[in-house]
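An overview of the molecular structure
In case you want the letters, here they are:
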Amino acid sequence: MMKILSSKLLKFFYGIILIPFCYTIFVVFIFVLQNIEFSNRFVIIFFGGCGTYIILHFLLYKPVRLYVIGHELMHTISALLCGAKVANVKVKKNSGSVNVNKVNTFIALSPYFVPIYSVFLIIIWGILKYVLKFEIKVEIFIFLLGMSIMFHLVLTFYAISVGQTDFNVSGWLFSLITIFIVNVIVLTSVIVILFPINKSYKEIVDKIYFETKISYIKTYDLIKNTLNYFLKAER
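This report concerns the structure included in the present document. (Residues numbered from 1 in each chain as written. Predicted model: local features only at pLDDT ≥ 70, side-chain atom pairs only at ≥ 80, totals over all residues. Heavy atoms only, no water.)

From N to C terminus, the chain includes 8 helices and 2 strands. If you list the helices and strands of the chain from N to C, you get α-α-α-β-β-α-α-α-α-α. Of all 235 residues assigned to the chain, the portion counted as buried reaches 37%. Excluding contacts between residues fewer than 6 apart, the proportion of contacts in the chain whose partners are at least 24 apart in sequence is 75%. (Helix = DSSP H or I, 4+ residues; strand = E, 2+ residues; numbered from the N terminus. Buried < 20%, exposed > 50% of the residue type's maximum accessible area, 1.4 Å probe, protein only. Contact = heavy atoms within 4.5 Å.)

In structure tokens:
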């Protein structure tokens, strides 16, 4: 019990340390978005897929059960990758569960930052195009990729909003910050890899370094100035 408690306290501390990096990674994401060539047809198709899913989700149908299936499947895959034994996978309309003989941060949180249907889409498209030599238009793949990523983001937000026992493993603060950081990194990476950007990889890496340094310097200054204010007030 004490070991679990100390682990959660340590991860809570890590979560606090990572708060400035959340700002950094978000600023870098905006920086990448600002430098996308939005006139490129693949960019238009990708964001068209994102927008199409949003319209379908909020106006027509919320595929929660499909998300739950993917969610529990990702728990299962991550548990197997970590050497855990899996049993009793259950999927209901709005919830699900999987029993494992051990759990860690990756097993608990992977469904929230791995867009599993996007991964399946990439694998299936790769097999059809490069192994079976089917002629599939890349536009279809890009559109479906946009839809699947937005499906993941929207329903991950929904899952978090209704409350999740998965966060008990590492604590809410560390879990939420990890999910945010990894999702932004994944989305940024997809954009940088797939689409033309008016910045080089080196410029993006330099931006990450610069913003990280600035974020932590400003955080340090804020903490120092706050402490000095209260120390002076007590005198």
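Summed over the entire model, instances satisfying the criterion amount to 11 aromatic pairs. Ring geometry for Y112 against F167: centres 5.1 Å apart, planes inclined by 55°, an arrangement best described as tilted. Placement of Y112 in helix α4 (residues 105–113) and of F167 in the loop between α6 (138–161) and α7 (172–194) is noted, with a sequence separation of 55 residues between them. One exposure class covers both Y112 and F167, and it is buried. Here a set of aromatic residues connected by ring pairs shows up, and it is made of Y53, Y67, Y117, F120 and F151. (Phe/Tyr/Trp six-rings, centres within 6.5 Å; stacked < 30°, edge-to-face > 60°.)

Next up on the list: the packing of helix α2 (residues 41–60) against α6. It is at 7 Å that the axes of α2 and α6 come closest, and there the two elements cross at 45°. The angle between α2 and α6 places the two elements in the oblique class. Between α2 and α6 the crossing geometry is right-handed. Of the residues belonging to the contact of α2 with α6, the class tally is 18 nonpolar, 5 polar and 2 charged. (Axes fitted to C-alpha atoms, helices over the stretch in contact; angles between N-to-C directions. Parallel < 35°, antiparallel > 145°, perpendicular 65-115°, else oblique. Left-handed = near helix turned anticlockwise from the far one by under 90°. Nonpolar A, V, L, I, M, F, W, Y, C, P; charged D, E, K, R; others polar.)

This paragraph deals with the nonpolar core. When a protein is soluble and globular, its nonpolar side chains tend to lie buried together. With 45 residues, the main nonpolar core has V32, F46, Y53, L109, Y112, L145 and I191 as its most contacted residues. Of all elements in the fold, only α1 (2–34), α2, α3 (64–81), α4, α5 (116–131), α6 and α7 reach the threshold of two or more residues within this core. A total of 11 residues in this core trace back to one element, the largest contributor, which is α6. (Core = buried A, V, L, I, M, F, W, Y, C linked by side-chain atoms within 4.5 Å.)

A full pass over the atoms with the stated rule returns 3 salt bridges. Across the pair E139 and R41 runs a salt bridge, and its minimum N-O distance is 2.3 Å. Remark: R41 occurs in helix α2 and E139 occurs in helix α6; sequence separation between them is 98 residues. Residue classification places E139 among the partly exposed positions, given a relative accessible area of 21%. Overall, R41 belongs to the partly exposed group, its relative accessible area being 47%. (Salt bridge = Lys/Arg side-chain N within 4 Å of Asp/Glu carboxyl O.)

On the secondary structure map, S189 appears in helix α7. Its relative accessible area of 32% is what places S189 among the partly exposed residues. A distance of 2.7 Å separates a polar atom in the side chain of S189 from the backbone oxygen of I185. (Polar contact = N/O pair within 3.5 Å; in protein donor to acceptor, adjacent residues only side chain to side chain.)

In this section: the pairing of strand β2 (residues 96–100). A regular strand carries its side chains on alternate faces of the sheet. In the sheet, strand β1 (residues 86–91) pairs with β2 via 4 bridges, with the strands oriented antiparallel. Residue V86 lies in a different strand from β2, and its bridge partner there is V100. Between β1 and β2, which pair antiparallel one after the other, the connecting turn spans 4 residues. (Pairing = 2+ DSSP bridges.)

Now for the side chain of S215. One can find S215 in helix α8 (residues 201–234). Look at S215 and you get buried, because its relative accessible area is 6%. For S215, the contacting residues outside a window of four places in its chain are P20, Y23 and T24.

Function cannot be read off these values alone, since they describe shape.
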